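# Breakdown of the fold
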Amino acid sequence: MATLSRWCRWKSAAFMATLATALTLVTGVSVALATDTAGATGATGGAQTSTASTAASAAQVAQVAKLATTTSGTSPGIAPAMSCAGLTSLDLAAVVPGVPFEVTSATELAAGSNTLGNWAACDVKGVIAPQIHFEIKLPETGWQANYLQVGCGGLCGNVNVGNAPASAGCVPLTSGAFAVASSDEGHYQGGGLFSTDPTLRADFGYKSDHQLAQAAKAVIERYYGQAADHAYFDGCSQGGHQALTEAQRYPTDFDGIIAGAPANNFTALNTFSHAWTAQSVYLGGGPATITNADLADLHAAVLKGCGAPADGIIADPLSCTWDPAAIRCKAGQTSTSADYCLTADQVTTLRRIYAGPTDENGKLLYPGYQLRGSELNWAGIITPATATGASGDISFVRETLRYQIFDSPRPTLTYKDVKFTAAYYKKVMAPNEGMYDATDPDLKAFKAAGGRLILWHGLGDQHIPAVGTMAYYKAVEKVMGGSTATESFARLFLLPGVAHCGGGQGPDTFDALTAMTDWVTKGEAPSSLTTRSVNSGGSTTATRPVYPFPYVAENTTGGPADDAGSYTPVRSTAEANLTLNRLGSFRSGYETVGNWVHGEWVVSKGKA
């Protein structure tokens, strides 16, 4: 399978739009230029062709060409139609029906201060009612009529428009081809307190990104004098959750969506998955059975037990069923680094972590579990620094239990209070999944709108088990009519050794935005992505391809392990045959919406 180009490409439609604008400036009349639409048809349709409504002299055309081309021979893009500061004087409250918002500031951002790339921008900040804070970076030069919305992480609570998680090396992003926006999802602190307010709960759960997309597109149209041709979303973790919410609830908002390590099964993840690992590590509420100090030796034992290659990266961890009891300490044996072994409690802990949260009947309460080979990434999240220290999982589940899943705050609850029973599962999920979760596998409307979806997940993810994303993708395949029908608009890529949204032991740097723009504008579906390991100096030290699920990259050539050319795609039987005995299900119709009606908060069924 061919490896994708790393570079996004200039779109001819954007150049022609720039040329037409420039002709208008020169001739004083509106000009519509004929364009070649071959290969340029995207999710919202190809460029419309027409003939010029007026003739321009050769001298005028020459002047336009000079205006529309830089000395390097590339188009500078679509220029703003108004001043940056002028945006603050616009009355935008009624521009988008049902989405009152205003711009609170619009300031010039120097290219050297822009973390997205070396391009000057109009940095716009504003508020969508009641308190969704947003920021939009509008390129002053180079804009190619593209809009990119980026997600946030954790429980959000701040606006971060400084990076896009899956777009490393996409030159147009770094050169100003995209207007870029993000929001805080309606609250301004990272904990769960906001969920005590039903409006803010809905904004976080499903509404804020749709409203931002509408508001940002309106600002873009006024600033440039024309609408964006294509819209994209890129997010990881909570950002991946946001991405799938958009595909499921608002299928026409974006032409291309990149969803990384999605926290889309939000309620079960933050209640049952995190509490399960916490109760597993702190057996019986006592001190931790496994700490950070155990992880290196444990990981080495797992690699050996799974038959990992010399580079220490397990390409297909789902196929490994290594049992921790294989290194149980013998009678009288003391564990050392040279002769590492596990106590009976440690074996119990690890078996539970690798199995995932189950109820009294052995059914999974979350569709996933930690994969073998992820151990080095557990530090600080699943395992604490010391036996009496606290893990990250304890904090995650605490915020959800206290503020997010019950009708009123319960500030004394801890991970110890979670019950792994069918009855408790129903009590937690029934009132919450409709507002918080994005697990609907029916993406027919998104596909019909021309939408394209790239899912990706690190197989060493310590926060959100990658198995859950595999299970969701298989559910999508079932609803959409099989693998072929699904691959025509959605593909899943799994990154061996990679931790949550990056880091870990495997190559974790890649450019999915180029793949997505090519898919949307040219119809070129990604047959692979090239991932890279990059050192602190910015140099690439290893490359590795990743292929669409259920294919894994195996070194079948005997070439260097750090060279992408050594690998070929091999179908994973474990991934292809994945089945989960779980209590819940991926289905449509669980979604709810909330609105104030005559002073009362009313929750009703159905997609918004």
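What comes next concerns the included structure. (Residues numbered from 1 in each chain as written. Predicted model: local features only at pLDDT ≥ 70, side-chain atom pairs only at ≥ 80, totals over all residues. Heavy atoms only, no water.)

### Concerning the overall build of the protein
Note the threshold: A helix here means a DSSP run of H or I that spans at least four residues, while a strand means a run of E at least two residues long, and both kinds are numbered starting from the N terminus. For every residue, the accessible area obtained with a 1.4 Å probe (protein chains only) is divided by the maximum for its type, and the residue is called buried under 20%, exposed over 50%, and partly exposed between those limits. By the convention used here, residues are in contact when the closest approach between their heavy atoms is within 4.5 Å. The method behind every accessible area is Shrake-Rupley, applied with a 1.4 Å probe, and residues are considered shielded solely by the protein chains displayed.
When its secondary structure is counted, the protein shows 16 helices and 15 strands. When burial is assessed residue by residue, the protein has 55% of its 608 residues classed as buried. Residue pairs at least 24 apart in sequence account for 69% of intrachain contacts in the protein once pairs closer than 6 positions are excluded. Entry remark: accessible area of the protein is about 23,200 Å², with carbon and sulfur atoms responsible for 53%.

### Overview of helix 4 (residues 198-224)
Operational definition: Expected span of a helix, by definition, is 1.5 Å for each gap between consecutive residues, and there is one gap fewer than residues. At every residue, the bend is computed as the angle between two fitted axes, covering the seven residues ending there and the seven beginning there respectively. Each polar contact in these results corresponds to two N or O atoms within 3.5 Å; when the atoms are within protein, one needs to be able to donate a hydrogen and the other to accept it, and residues that are neighboring in sequence are counted only if both atoms are side-chain atoms.
In a regular helix each residue adds 1.5 Å, so 27 residues correspond to 39 Å; helix 4 covers 36 Å between its end C-alpha atoms and thus fits that length. The largest bend along helix 4 measures about 75 degrees and falls at K207. Burial of helix 4 is extensive: 22 of the 27 residues sit out of reach of the surface. In this structure D197 caps helix 4, since a side-chain oxygen of it lies 2.9 Å from the backbone nitrogen of T199.

### Some words on unusual backbone geometry
The amide bond that connects A129 to the next residue, P130, takes the cis arrangement and shows omega of 0 degrees. If you trace the backbone, P130 turns up in the loop between strand 2 (121-128) and strand 3 (132-139). The omega torsion of the bond from F549 to P550 falls at 10 degrees, within 30 degrees of zero and hence cis. Considering the arrangement of structural elements, one finds P550 in the loop between strand 11 (540-546) and strand 12 (551-555). Look at E185: it is not a glycine, yet its phi comes out positive at around 65 degrees. As for its position among the elements, E185 is in the loop between strand 5 (178-183) and helix 4. Backbone geometry places A261, a non-glycine residue, at a positive phi of 35 degrees. Note that A261 resides in the loop between strand 7 (256-260) and helix 6 (266-281).

### Some thoughts on the pairing of strand 5
Here is the rule we go by: A pair of strands counts as paired when DSSP detects no fewer than two bridges linking them.
Taking burial as the measure, the six residues of strand 5 include six buried ones, the bulk of the element. Because side chains alternate across strand 5, one face comprises the buried residues F178, V180 and S182, and the other comprises A179, A181 and S183, equally buried. When strand 3 meets strand 5, the two strands line up antiparallel, connected through four bridges. Each bridged residue has a counterpart across the sheet, and for I136 the counterpart in strand 5 is A181. With four bridges joining them, strand 4 (residues 146-150) and strand 5 adopt parallel strand pairing. Counted as the bridge partner of Q149 is A181 from strand 5.

### Some remarks on the nonpolar core
As a rule of thumb, soluble globular proteins bury nonpolar side chains together. To keep it simple, the criterion reads: For our purposes a nonpolar core is just a set of buried Ala, Val, Leu, Ile, Met, Phe, Trp, Tyr and Cys residues, chained together by side-chain atoms within 4.5 Å.
By size, the foremost hydrophobic cluster in this structure holds 64 residues, and its most contacted members are F101, L138, Y147, L443, L453 and M470. With near-sequence residues (within four places) excluded, L443 lies in contact with A247, Q248, L453, Y472, V476, M480 and F489. If you look at the next biggest cluster of nonpolar residues, it comprises 46 residues, including F272, V281, I327 and I381.

### Some points on the sheet that holds strand 4
Keep this limit in mind: Axis geometry follows a simple rule: fit a line to the C-alpha atoms, using only the stretch in contact for helices, then measure angles between N-to-C directions, giving values from 0 to 180 degrees.
Read across the sheet, nine strands follow the order 1-2-3-5-4-6-7-8-9 without closing on themselves; strand pairing throughout is mixed. Of all strands in the sheet, those with a lone pairing partner are strand 1 (101-109) and strand 9 (490-495), marking the two edges. Pairs of neighbouring strands in the sheet enclose a mean axial angle of 15 degrees, with direction left out of account. Taken together, the six bridges between strand 8 (residues 452-458) and strand 9 define a ladder with parallel strand orientation. Considered in strand 9, the bridge of L455 is made with L492. In the packing of helix 15 (residues 512-522) onto the sheet, the strands contacted are strand 4, strand 5, strand 6 (230-236), strand 7, strand 8 and strand 9, and the crossing angle to strand 8 comes to about 160 degrees.

### So, the packing of aromatic side chains
Filter applied, for reference: In this scheme Phe, Tyr and Trp rings, the latter by its six-membered ring, pair at centre separations within 6.5 Å, and the angle between planes marks the pair as stacked below 30 degrees, edge-to-face above 60, and tilted otherwise.
Summed over all chains, the structure comprises 21 aromatic pairs. When the centroid spacing of 5.5 Å and the interplanar angle of 40 degrees are considered together, the rings of F272 and Y425 count as tilted. Of this pair, F272 sits in helix 6 while Y425 sits in helix 10 (residues 422-429); the two residues are 153 residues apart in sequence, bridging distant segments of the chain. Exposure remark for F272: the relative accessible area of 0% places this residue in the buried category.

### Some remarks on the state of the cysteines
Where we set the bar: Note on disulfides: each one is a pair of cysteine sulfur atoms within 2.5 Å.
All chains considered together, the criterion is met by five disulfides. Note that C236 is cross-linked by a disulfide to C501, the S-S spacing being 2.0 Å. Taking the sign of the torsion about the S-S bond as the criterion, the disulfide between C236 and C501, at about -100 degrees, is left-handed. Here C236, found in strand 6, pairs with C501, found in the loop between strand 9 and helix 15; they are 265 residues apart in sequence, far enough to count as distant. Its relative accessible area of 7% is what places C236 among the buried residues.

### Describing the side chain of Q149
Take Q149: it is sitting in strand 4. Polar side-chain contacts of Q149 include one of 2.6 Å to the side chain of Y147.

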